[in-house]
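Remarks on the overall topology
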Amino acid sequence: MKKQTAWTFLPFLAFLAAACRPVEPPSPFGAVPTECNAVLIQEYIPLGQRVKAFSVEAFIDNRWIEIAAGTTIGNRRIVRFDTVITSQLRFNFDAKACPLISNIEVYRTQKKYLSFI
């Protein structure tokens, strides 16, 4: 039986380090500004809850403005905020390990429905 050494797992560790690095998404040239006032975020729970805190930022008037923040996400988290018009959203995560986000959805709902979420 061949003895496994730390060098055997080095490419995998390099992949994990690259996966955990924050990456700025490419500029959405020609993106249409859209109204939104809620986001839904889901974590991949079979590997454990990892996110300790998060924030959502919108690109408004050529700068990033924080529009929502929260603590843990768990299976599903719906976050409401005042309606903004933006073409880009940025999600920041503070996690125990590399965050595993399975789904992000962005909505514009009517105010009367926000009280029931």
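Note that this is a predicted model, so its numbers are computed, not measured.

Some points on the pairing of strand β3 (residues 63–70)
By the bridge criterion, 7 bridges tie strand β2 (residues 51–60) to β3 in an arrangement that is antiparallel. Bridging across to β3, alanine 58 finds its partner in isoleucine 65.

Points about the confidence of the model for the chain
Confidence in the prediction of the chain, expressed as mean pLDDT, is 79, and 69% of residues score 70 or more. Model confidence for the chain, summarised as mean pLDDT per element, is weakest for helix α1 (residues 10–20) at 48 and strongest for β3 at 95. Considering only residues more than four positions removed or in separate chains, one finds that residues 1–16, a stretch of pLDDT under 50, has 1 contact.

Quick word on the nonpolar core
Core analysis: the largest hydrophobic core is formed by 15 residues, its most contacted members being Val39, Ile41, Phe54, Val56, Ile67, Phe81 and Val84. Contributing elements (two or more residues each) for this core: β1 (34–43), β2, β3 and β4 (77–86). With 5 residues, the single largest contributor to this core is β2.

Some remarks on the side chain of glutamate 43
Among the structural elements, glutamate 43 can be located in strand β1. For the buried glutamate 43, no salt bridge is present, and the opposite-charge side chain at shortest range is arginine 50, 6.2 Å distant. When residues no more than four places from it in sequence are discounted, the contact partners of glutamate 43 are Gly48, Gln49, Arg50, Val51, Ile73, Gly74, Asn75, Leu100, Ile101 and Ser102.

Structural notes on the pattern of salt bridges
With the rule as written, the count across this model stands at 2 salt bridges. Notably, a salt bridge pairs arginine 108 with glutamate 35, separated by 3.4 Å at the nearest N-O pair. Taken as a pair, arginine 108 in the loop between β6 (101–107) and α2 (111–114) and glutamate 35 in strand β1 lie far apart in primary sequence, 73 residues in all. Taking the shortest distance from any N to any O, the salt bridge between arginine 90 and glutamate 57 comes out at 2.6 Å. Of this pair, arginine 90 sits in strand β5 (residues 89–95) while glutamate 57 sits in strand β2, and the two are 33 residues apart along the sequence. What makes arginine 90 partly exposed here is its relative accessible area of 24%. Since its relative accessible area comes to 13%, glutamate 57 is described here as buried.

What counts and what doesn't
Residues numbered from 1 in each chain as written. Predicted model: local features only at pLDDT ≥ 70, side-chain atom pairs only at ≥ 80, totals over all residues. Heavy atoms only, no water. Pairing = 2+ DSSP bridges. Helix = DSSP H or I, 4+ residues; strand = E, 2+ residues; numbered from the N terminus. pLDDT = per-residue confidence, 0-100. Contact = heavy atoms within 4.5 Å. Core = buried A, V, L, I, M, F, W, Y, C linked by side-chain atoms within 4.5 Å. Buried < 20%, exposed > 50% of the residue type's maximum accessible area, 1.4 Å probe, protein only. Lys, Arg positive; Asp, Glu negative; His and termini not counted. Salt bridge = Lys/Arg side-chain N within 4 Å of Asp/Glu carboxyl O.

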